[in-house]
Amino acid sequence: MDRTEFVALLGPLLQAHRMSFDAGQWGVYHRALDDVPRVLLERVIERALKSGGPFLPKPGELRQFAEQIGRAHV
């Protein structure tokens, strides 16, 4: 997934936390999650949005969500 698509997917999660990223932060999240399939990343972001946690999940936490969701659907 290219960076533009990635920003479009992750953007709502940032908005929900009233945050914005600079170019470096986008790069870190994109690099950490660029191998997660788009459909799975959409589910991860939906889960994070619905969890209502007070903090934006770190890239590693989002990867853990992806692994959990992936295992549940195998």
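Residues numbered from 1 in each chain as written. Predicted model: local features only at pLDDT ≥ 70, side-chain atom pairs only at ≥ 80, totals over all residues. Heavy atoms only, no water.

A. Up close: the overall build of the chain. Counting secondary structure elements, the chain contains 4 helices and 0 strands. Ordered by position in the sequence, the α and β elements of the chain form the string α-α-α-α. Relative to the 2.2 N^0.38 estimate, which gives 11 Å for 74 residues, the radius of gyration of the chain is 12 Å and therefore close to what a compact globule would have. If you line up the chain on its principal axes, its C-alpha atoms span 35 × 25 × 20 Å. Put simply, the chain has 74 residues, and 34% of those count as buried. For the chain, long-range pairs separated by at least 24 residues make up 68% of all intrachain contacts whose partners lie at least 6 apart in sequence. (Helix = DSSP H or I, 4+ residues; strand = E, 2+ residues; numbered from the N terminus. Rg over C-alpha atoms; globule rule 2.2 N^0.38 Å. Buried < 20%, exposed > 50% of the residue type's maximum accessible area, 1.4 Å probe, protein only. Contact = heavy atoms within 4.5 Å.)

B. Fine view of the pattern of salt bridges. Scanning all chains against the criterion turns up 4 salt bridges. Ionic pairing is found between Arg38 and Glu5, a salt bridge with its closest N-O pair at 3.6 Å. In this pair, Arg38 sits in helix 3 (residues 38-51) while Glu5 sits in helix 1 (residues 3-16), placing the two residues 33 residues apart along the sequence. Of the residues examined, Glu5 reaches a relative accessible area of 33% and is grouped as partly exposed. Linking Glu42 and Arg38 is a salt bridge whose minimum nitrogen-to-oxygen distance equals 3.2 Å. Note that Glu42 and Arg38 are positioned in helix 3 at a spacing of 4 residues, about one turn of the helix. Each of Glu5, Arg38 and Glu42 takes part in salt bridges that share partners, so that together they form one network. (Salt bridge = Lys/Arg side-chain N within 4 Å of Asp/Glu carboxyl O.)

C. Just unusual backbone geometry, in detail. At Arg18, a residue that is not glycine, the phi angle is positive and equals roughly 55 degrees. You can see Arg18 is positioned in the loop between helix 1 and helix 2 (23-33).

D. Focus on the nonpolar core. Judged by nonpolar contacts, the single largest core of 20 residues is most densely connected at Leu10, Tyr29, Leu41 and Leu62. Those elements that provide at least two residues to this core are helix 1, helix 2, helix 3 and helix 4 (59-72). Beyond its immediate sequence surroundings of up to four residues, Leu62 is in contact with Leu10, Leu13, Tyr29, Leu33, Val44, Ala48 and Pro57. (Core = buried A, V, L, I, M, F, W, Y, C linked by side-chain atoms within 4.5 Å.)

Remember that the coordinates give geometry; whether it matters functionally is a separate question.
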